[in-house]
Amino acid sequence: MEQPSDTSFKFLSLGGSNEVGRSCHVLQFKGKTVMLDTGIHPAYQGLASLPFYDEFDLSKIDVLLISHFHLDHAASLPYVMKRTNFQGRVFMTHPTKAIYRWLLRDFVRVTSIGTTSSEKDENLYTDEDLADSFDKIETIDYHSTMDVNGIKFTAFHAGHVLGAAMFQIEIAGLRVLFTGDYSREMDRHLNSAEVPPLPSDVLIVESTFGTATHEPRLNREKKLTQLIHSTVGRGGRVLMPVFALGRAQELMLILDEYWSQHADELGSGQVPIYYASNLAKKCMSVYQTYVNMMNDDIRKKFRDSQTNPFIFKHISYLKNLDEFQDFGPSVMLASPGMLQNGLSRDLLEKWCPEDKNMVLITGYSVEGTMAKYIMLEPENIPSINNPDVSIPRRCQIEEISFAAHVDFQENIEFIEKISANNVILVHGESNPMGRLKSALLSNFSSLKGTENEVHVFNPRNCVEVDLEFKGIKVAK
Ligand SMILES: [Zn+2]
């Protein structure tokens, strides 16, 4: 980046622009530098999965804010803190930090698969790096404002997953809102994203679903439970690849309730539901601890029943597949969510040759991952242990999104409420992002040429967006 002039605001993505994955954005104004998120790209491995950190002098960063614990937003943080010249302060919400610890330990374990020394060099960081970084991460409460040398920032509810935050950042009177990943739909356990009380000059917003529309939530829940019920009814197995934490807990709330309502057919172990993850127990304890940060609905249930809603009646935990007796129909929520490797991939390879089984995708599948590929219903898939071996795929493939990203209507309504004159789109593949940009420009076309004209940007990685803010007053 060039040295910014006194009135120029600069935006630069090191990752996560015109793509989904490795989110990392940099803001500069009046000599202050803020970094937003430090993710990895789930379709790549090792150093190739990182944002383009070489393209920016990380020693300039004053504050680094992490929106939520998903790997594409948080997983390269230990690398930034321990393996680069970064010296700034790092903030995230309490639940994000609690989950980050377990999640990244698992991530280190899963990615540290190299056995030769050259493969080991590809490891992004070690357990010690992670532990060291953990102690230096500061936490921020929702609706509280921190001030670090003139950079003020406030965390707001973003929905999406437990602990997810939008950050409104204020530097010398200029206000920028970063949504991270967000959802506006009421969910079983989370508060939906809120509109900050103060206006913003710049909005940096996700564009995952572009101009697509979600079916109403109740329809999707019904479809989900009916598909699963009919599959297990004909003796099939259901594999639901899920990210270990976050949306998986929402799906478990839906399934546990449905199993209770159909206990005569499904309950008492007739059709077991498993949550298979190395992290299962630890993660659930975090959820059980943070019920007070969830929505009124689930808190009321907790108060009324005096039992924790995240202690499930019909779901058992599996740490690995050694303890799994694979007889008869079952439902398996297994991580990782994009079938890249690990438990969910092993089960995919085991179950996909049988046509009565079903793979049910509920998350967002990133380009280049097995989850994205399987939705094309290929005849065969390569085995993870030996890519020369191909496995016939005859099982049913279905997709019902519970990814908790806004759809077009929800996104545009929120963007209108924020009414920033500058909108920067991030976190979307090029095509859906381009379509969203066109739709926004036509939506705001009546303001064209007026002082309220809305400018929409869809920059690529490492391409600067430069905005002039001459009129910013430092009132208040
Ligand atoms: Zn996310």
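This structure is a prediction, so every number in the text was calculated from the model and none was measured.

J.: Explain helix 9 (residues 280–289) here, please?
T.: For the α-helix, the turn length of 3.6 residues means that residues three or four positions removed from each other point alike. Every buried residue of helix 9 is accounted for by Ala 280, Cys 283, Met 284, Val 286 and Tyr 287. Buried positions in helix 9, seen along its axis, are confined to an arc of 155 degrees and lie on one side of it. Relative to its buried face, helix 9 has exposed residues pointing more than 90 degrees away, namely Lys 281 and Thr 289.

J.: What's the story with the sheet that holds strand 16 (residues 358–361) in this structure? I'm lost.
T.: By way of backbone hydrogen bonds, the strands of a sheet pair with one another, either parallel or antiparallel. Read across the open sheet, the six strands follow the order 14-13-15-12-16-19; overall the sheet is parallel. The outermost strands of the open sheet, each flanked by one partner alone, are strand 14 (315–318) and strand 19 (396–399). In this sheet, neighbouring strand axes are inclined to one another by 20 degrees on average, regardless of whether the strands run parallel or antiparallel. Contacting strand 13 (273–276) and strand 14, helix 9 runs over the sheet at an angle of about 130 degrees to strand 14.

J.: How do you make sense of the pattern of salt bridges when you look at a structure like this?
T.: When their charged atoms lie close together, side chains carrying opposite charge are able to pair. One pass over the structure, following the stated rule, counts 21 salt bridges. Residue Arg 175 pairs with Glu 170 through a salt bridge whose shortest N-O separation is 3.6 Å. Of the two residues examined, Arg 175 and Glu 170, each falls in the buried class. Among the ionic contacts, a cluster of salt bridges with common partners joins Glu 185, Arg 188, Arg 217, Arg 220, Glu 221, Glu 250 and Glu 257.

J.: Can you help me understand the coordination of the zinc ion in this one?
T.: Ideal donor angles around a metal are set by the shape: a four-donor tetrahedron calls for 109.5 degrees, a six-donor octahedron for 90 or 180 degrees. Taken together, the protein ligands of the zinc ion are His 68 (NE2), His 70 (ND1), His 160 (NE2) and Asp 181 (OD), with distances of 2.2 to 2.3 Å. Given four donor atoms and angles of 92 to 168 degrees at the metal, the environment of the zinc ion is assigned as irregular. Here the donor residues of the zinc ion share one chain and are spaced in sequence as H-x1-H-x89-H-x20-D. Here Asp 181 lies in the loop between strand 10 (174–178) and strand 11 (202–206) and His 160 lies in the loop between strand 8 (151–157) and strand 9 (165–171), a separation of 21 residues in the sequence. Of the two residues examined, His 160 and Asp 181, each falls in the buried class.

J.: Quick question: what am I supposed to make of the sheet that holds strand 4 (residues 63–65) here?
T.: Taken together, seven strands build an open sheet; the order of strands is 6-5-4-3-2-1-22 and the sheet is mixed. Of all the strands in the sheet, just strand 6 (137–139) and strand 22 (465–468) have a single pairing partner and so form its edges. Pairwise comparison of adjacent strand axes, ignoring direction, gives a mean angle of 25 degrees for this sheet. Judged from the three bridges that link them, strand 4 and strand 5 (residues 89–92) form a sheet pairing that is parallel. Among the inter-strand pairings, Leu 64 is bridged to a residue of strand 5, identified as Val 90.

J.: Help me out: how do you make sense of the nonpolar core in this one?
T.: Burial of nonpolar side chains together is a common tendency in soluble globular proteins. With 104 residues, the main nonpolar core has Leu 224, Ile 228, Met 240, Tyr 275 and Val 331 as its most contacted residues. Ranked by residues supplied to this core, first place goes to helix 7 (residues 247–261) with eight residues. Filtering out sequence-adjacent residues up to four positions away, Leu 224 remains in contact with Met 240, Leu 251, Ile 254, Leu 255, Leu 360, Thr 362, Ile 400 and Phe 402. Phe 91, Tyr 142, Phe 178 and Phe 469 belong to the second largest nonpolar core, which has 29 residues in total.

J.: Could you clarify how one ought to interpret empty space enclosed by the protein in this entry?
T.: To find leftover empty space, one rolls a probe the size of a water molecule over the atoms. The full count for this structure, using the stated rule, is four cavities of 30 Å³ or more. In this structure, the largest cavity occupies an estimated 90 Å³ of space. In terms of lining residues, the largest cavity is bounded by Ser 183, Glu 185, Asp 187, His 214, Arg 217, Arg 220, Arg 247, Phe 402, Ala 404, His 405 and Glu 410. Here the residues of the lining of the largest cavity sort into two nonpolar, three polar and six charged. Approximately 60 Å³ is the volume attributed to the second largest cavity. If you go around the second largest cavity, the residues you meet are Tyr 142, His 157, Ala 158, Gly 159, Val 161, Leu 162, Gly 163, Ala 164, Leu 190, Asn 191 and Met 293. Residue classes in the lining of the second largest cavity are distributed as seven nonpolar, four polar and no charged.

J.: Explain the environment of Trp 102 here, please?
T.: Counting through the fold element by element, Trp 102 comes out in helix 3 (residues 94–111). Separated by 85 residues in sequence, Trp 102 and Asp 187 have C-alpha atoms that sit 24 Å apart. Residues contacting Trp 102, with those up to four places away along its chain left out, are Leu 279, Lys 282 and Val 286.

Reading guide: rules and limits
Residues numbered from 1 in each chain as written. Predicted model: local features only at pLDDT ≥ 70, side-chain atom pairs only at ≥ 80, totals over all residues. Heavy atoms only, no water. Buried < 20%, exposed > 50% of the residue type's maximum accessible area, 1.4 Å probe, protein only. Helix = DSSP H or I, 4+ residues; strand = E, 2+ residues; numbered from the N terminus. Arc of directions from axis to C-beta. Pairing = 2+ DSSP bridges. Axes fitted to C-alpha atoms, helices over the stretch in contact; angles between N-to-C directions. Contact = heavy atoms within 4.5 Å. Salt bridge = Lys/Arg side-chain N within 4 Å of Asp/Glu carboxyl O. Donors = N, O, S within 2.8 Å, 3.2 Å for Na, K, Ca; no water. Tetrahedral: all angles 85-135°; square planar, octahedral: opposite > 155°, others 65-115°. Core = buried A, V, L, I, M, F, W, Y, C linked by side-chain atoms within 4.5 Å. 1 Å grid on protein atoms, 1.4 Å probe; cavity = no way out; pocket = protein on both sides within 12 Å on 5 of 7 lines; lining within 4 Å. Points joined across faces, edges and corners; volume = space filled by probe spheres on them. Nonpolar A, V, L, I, M, F, W, Y, C, P; charged D, E, K, R; others polar.

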